[in-house]
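Listed below, chain by chain, are the residues.
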Amino acid sequence: MPDKTPEHEPLLARPKRHAVTRRAKIFIVVATLITGILFSVIITITHSTAVPYPRPPKVPAHVPFLAGPTWHPRKNNTVVASYGAVASDREVCSQLGVDILKRGGYAADAAVATCLCIGAVDTMISSGIGGGAFITSKQVGVSGAVSIDAREMAPGAAHRDMFEGREIASKFGGLAVAIPGELRGLYTLYKMHGSGTISWSDLVTPVAAIAREGWEVSEYLAFALRAEEEALRFYREDWDFVFNSDGSLKKEGDWISRPAYADTLDLIARNGSDKIFYDPHGPIAPYLAGKAHQWGGILTKEDFVRYQAVVEPAIELRGFSDRNLTVYAPAGASSGLALVSGLQIIDGFEETEGEDFAAVPTQRLVESMKWMASVRTHLGDVGVYNHNETALAEHVARYRKFIAPEWTDRAREKISDKHTLPWPDYEPAYQANEPHGTSSLSVVDYQGNAVTITTTVNLLLGSVVHDPKTGVILNDEMDDFSIPTTKNAFDLVPSVYNYIAPYKRPLSSSGQSIIYDPQADRVDLVIGAAGGSRIPTALFQAIVRIYHYNMDILDAIAFPRLHHQLIPEVLYIEKPLRSEMVKEMEERGHTVEGVGHKTAMNGIRVKGGKIYAQSDHWRKLGRAVGY
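Computed from a predicted model, the values in this text were never measured in an experiment.

(A) Fine view of the overall build of the chain. A count of helices and strands for the chain gives 19 helices and 21 strands. Across the 627 residues that make up the chain, the buried fraction comes to 60%. Considering only residue pairs separated by 6 or more positions, the chain has 75% of its internal contacts joining residues 24 or more positions apart. Accessible surface computed for the chain: about 24,800 Å², of which carbon and sulfur atoms make up 55%.

(B) Region of interest: the pattern of salt bridges. Taken as a whole, this structure holds 31 salt bridges when the rule is applied. Across the pair Asp274 and Arg184 runs a salt bridge, and its minimum N-O distance is 2.3 Å. Taken as a pair, Asp274 in the loop between α8 (259-271) and α9 (275-278) and Arg184 in helix α4 (residues 182-193) lie far apart in primary sequence, 90 residues in all. By the burial criterion, Asp274 is buried, and Arg184 matches it. Arg605 is the partner of Asp524 in a salt bridge, and the nearest nitrogen-oxygen pair spans 3.0 Å. You can see Asp524 sitting in strand β15 (residues 522-530) and its partner Arg605 sitting in strand β19 (residues 600-607), a full 81 residues away along the chain. Through salt bridges with shared partners, one network takes in Arg323, Asp517, Arg522, Asp524 and Arg605.

(C) Spotlight on the environment of Leu339. Locating Leu339 in the fold gives a position in helix α12 (residues 336-347). For the pair Leu339 and Met372, spaced 33 residues apart in the sequence, the C-alpha separation amounts to 6.5 Å. Setting aside its immediate chain neighbours within four residues, Leu339 contacts Met372, Gly511, Ser513, Pro536, Leu539 and Phe540.

(D) Up close: the state of the cysteines. One pass over the full model with this rule turns up one disulfide. Disulfide pairing is shown between Cys93 and Cys117; the S-S distance is 2.1 Å. Judged by the sign of its S-S torsion, about -75 degrees, the cystine formed by Cys93 and Cys117 is left-handed. Separated by 24 residues along the polypeptide, Cys93 in helix α2 (residues 91-102) and Cys117 in helix α3 (residues 107-118) bring together distant segments of the chain. Grouping residues by exposure puts Cys93 and Cys117 together as buried. Unpaired in terms of disulfides, Cys115 finds its nearest cysteine sulfur in Cys93, a separation of 9.4 Å.

(E) Highlighting the nonpolar core. With 101 residues, the main nonpolar core has Trp239 and Ile453 as its most contacted residues. Among the elements that take part in this core, α3 stands out by supplying 10 residues, more than any other. What Trp239 contacts, discounting residues up to four positions off in sequence, is Leu232, Leu461, Val464, Val465, His466 and Ile473.

(F) Main features of the sheet that holds strand β8 (residues 315-320). Across the sheet, which stays open at both edges, the seven strands sit in the order β1-β20-β19-β15-β14-β9-β8 with antiparallel pairing between neighbours. Since the sheet does not close on itself, it has two edges, and those belong to β1 (79-81) and β8, each with one partner. The mean angle between the axes of side-by-side strands here comes to 15 degrees, regardless of whether they run parallel or antiparallel. With three bridges joining them, strand β9 (residues 325-329) and strand β14 (residues 513-517) adopt antiparallel strand pairing. Its bridge partner being in β14, Val327 is matched across the sheet by Ile515. The sheet contacts of α12 involve β8, β9 and β14, and relative to β8 the element is tilted by about 15 degrees. Helix α16 (residues 535-547) contacts β8, β9, β14, β15 and β19 of the sheet and is inclined by roughly 145 degrees relative to β15.

(G) Geometry of the UniProt feature "active site" (unreviewed entry) in the chain. Following the UniProt record, one finds the feature "active site" (unreviewed entry) at Thr438. Judged by its relative accessible area of 8%, Thr438 falls in the buried class. Discounting residues that sit within four places of it in the chain, Thr438 has contacts with Ser126, Thr454, Thr455, Thr456, Ala529, Ala530, Gly531, Gly532, Ile535 and Lys620. Engagement of the side chain of Thr438 in a polar contact is seen with the backbone nitrogen of Gly531, the distance being 3.0 Å.

(H) Structural context of the packing of aromatic side chains. Taken as a whole and assessed by the stated rule, the structure comprises 20 aromatic pairs. Ring centres of Phe234 and Trp295 lie 6.3 Å apart, and the angle between their planes is 45 degrees; this geometry places the pair in the tilted category. Placement of the pair is Phe234 in helix α7 (residues 229-234) and Trp295 in the loop between α10 (285-294) and α11 (301-305), with a sequence separation of 61 residues. Between Phe277 and Phe304 the ring centres are 6.0 Å apart and the planes differ by 65 degrees, which places this aromatic pair in the edge-to-face class.

(I) Structural context of the UniProt feature "binding site: L-glutamate" (unreviewed entry) in the chain. Using the residue numbers shown here, the UniProt feature "binding site: L-glutamate" (unreviewed entry) corresponds to Arg151, Thr456, Val457, Asn458, Asp480, Ser508, Ser509 and Gly532. Separation in sequence by 382 residues is not matched in space for these annotated residues, since their most distant C-alpha atoms are only 14.1 Å apart. Structurally, the position occupied by Val457 is in the loop between β11 (450-456) and β12 (465-467). In this view, Val457 contacts Met124, Ile125, Ser126, Ser127, Gly128, Gly130, Gly131, Gly462, Ile473, Asn475, Asp476 and Glu477; residues no more than four positions away in its chain are not counted.

(J) Just unusual backbone geometry, in detail. The step from Ile567 to Pro568 runs through a cis peptide bond, and the omega angle for that step is 0 degrees. Of note, the bond from Lys575 into Pro576 is cis; its omega dihedral lies within 30 degrees of zero at 5 degrees. Note on placement: Pro576 falls in the loop between β17 (571-574) and α18 (579-587). Although it is not a glycine, Phe357 sits at a positive phi angle of roughly 70 degrees. You can see Phe357 is positioned in the loop between α12 and α13 (359-376). Phi at Leu621 takes a positive value of approximately 65 degrees, unusual for a residue other than glycine.

What counts and how
Residues numbered from 1 in each chain as written. Predicted model: local features only at pLDDT ≥ 70, side-chain atom pairs only at ≥ 80, totals over all residues. Heavy atoms only, no water. Helix = DSSP H or I, 4+ residues; strand = E, 2+ residues; numbered from the N terminus. Buried < 20%, exposed > 50% of the residue type's maximum accessible area, 1.4 Å probe, protein only. Contact = heavy atoms within 4.5 Å. Areas by Shrake-Rupley, 256 points an atom, 1.4 Å probe, with all protein chains shown as cover. Salt bridge = Lys/Arg side-chain N within 4 Å of Asp/Glu carboxyl O. Disulfide = S-S within 2.5 Å. Core = buried A, V, L, I, M, F, W, Y, C linked by side-chain atoms within 4.5 Å. Pairing = 2+ DSSP bridges. Axes fitted to C-alpha atoms, helices over the stretch in contact; angles between N-to-C directions. UniProt positions renumbered as here; feature names shortened; annotations may be inferred. Polar contact = N/O pair within 3.5 Å; in protein donor to acceptor, adjacent residues only side chain to side chain. Phe/Tyr/Trp six-rings, centres within 6.5 Å; stacked < 30°, edge-to-face > 60°.

What follows is the structure, given as structure tokens:
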């Protein structure tokens, strides 16, 4: 039987030649379309996750200046004044505030000018009217103190999962930008507690003049610009003022100015209020919203008119220390409650023999810090436009719990002088996001009024979105919200209390405080700090040093600091270390790590009829000024 070949197959069993060709063409076309679609998807995914954002710098928020804490501070670093003083991160800004005091301005007036100045000069990397602020203010002869929450708010189009799959967008670019609140907070302070003899223009115009005339770049600013150089070049078209004419980045000793920012401040000064900044049809908000939108943001000009500062009584702790002092800490979306909880715990211990960094006092200090960190994990904003009565009632009940004596006593009873505990025993709700770079200032005037402010745009240069028309550097405060899709290294889920929602504020570590002596009817201490999640512990340790260890404000600020935030389970100690103390803590079960400084404090102590103002020169080149 002959072999079966195609020629011997039935006619119907063999496809015609032209039919084979047609099928092949169809296959090629379909394959090409599918390949093109897949390629487009790959390109889209690649561009949406990798291309539009520079890499975060190794130093995301705090500039580690070449110096640092010391056990031997120079005694002449403290400014001793008779009438008033300002302690801030820059001497030129402290001087500007004192000039306002000399003209009869109150602490509130001086604080406004000083804060605006900090946002205009070298410290623009961490503050400015494109960010937010927390303010604690105490008027002489008036009961209680006021807390002004001028924290940024999420845009109206924000939602819980907006950063899913693109977490980097919460740090860089327009999507990271929240509605700025600092200027609204400063104007609120000015109207509430200002002298009435100093005009709004008197406070803003001098800052505009400094920004217009310019200044010499410091080592501090030069370091920050180098750290963010990749991002600055990525957004190069908007950042001309930080580059020289040859395209090189400004370095130490170069001259820098901000004429566009000066023009914006002049507009605000002439307007006589903050309204021009928040006007959706004005000369500022549309440009800021437009620039954020250009870089992928959802901020709108209409969001600006929705912004509200929250004014409420400061958190109050009475009977602190053996002097029965009153501590006033910020309310709102701050960590003032966490700070007060730690002070209540430590204040309830019987005094023991020892001193700063001695074994037992240090163990109690660290354990109190761990409880403070636990409290902070339960905090969060509910939003100024939230009318859910159940949510509001739950929020109030949760906050009251941690200031109640029952909670404080139970926490103190769990503290052992001999050993630490594993983190779950401190009952945290979650691992909080870590806030970042900030600036602080403290003011006392000749009448005894006091103000302390913490201001921030979050990371170095915020979102690195700079609007060249207005000169405003926009924040990246959306990064301070918890992101549901992102667990931390310990596989802990972020908090529902700090999820993103429209017009909600992210939780802050701010804890600037005023300590008042009711018997003498005067302010005793005004203190604030910068440094993200380390702010509450830095303030806590400084207050304990002053009122439990009887240290002066110079040593309390200059000496190395401790920090424990519960997770990770590490006790951080600023160098230079004391080996004996490290050994004592390790024997109690702590993992100890020596670190460089990551906080900076500014404070003012009133004692014996004198005002002692101290800025953190060792960590941030700050200088106080008084008269």
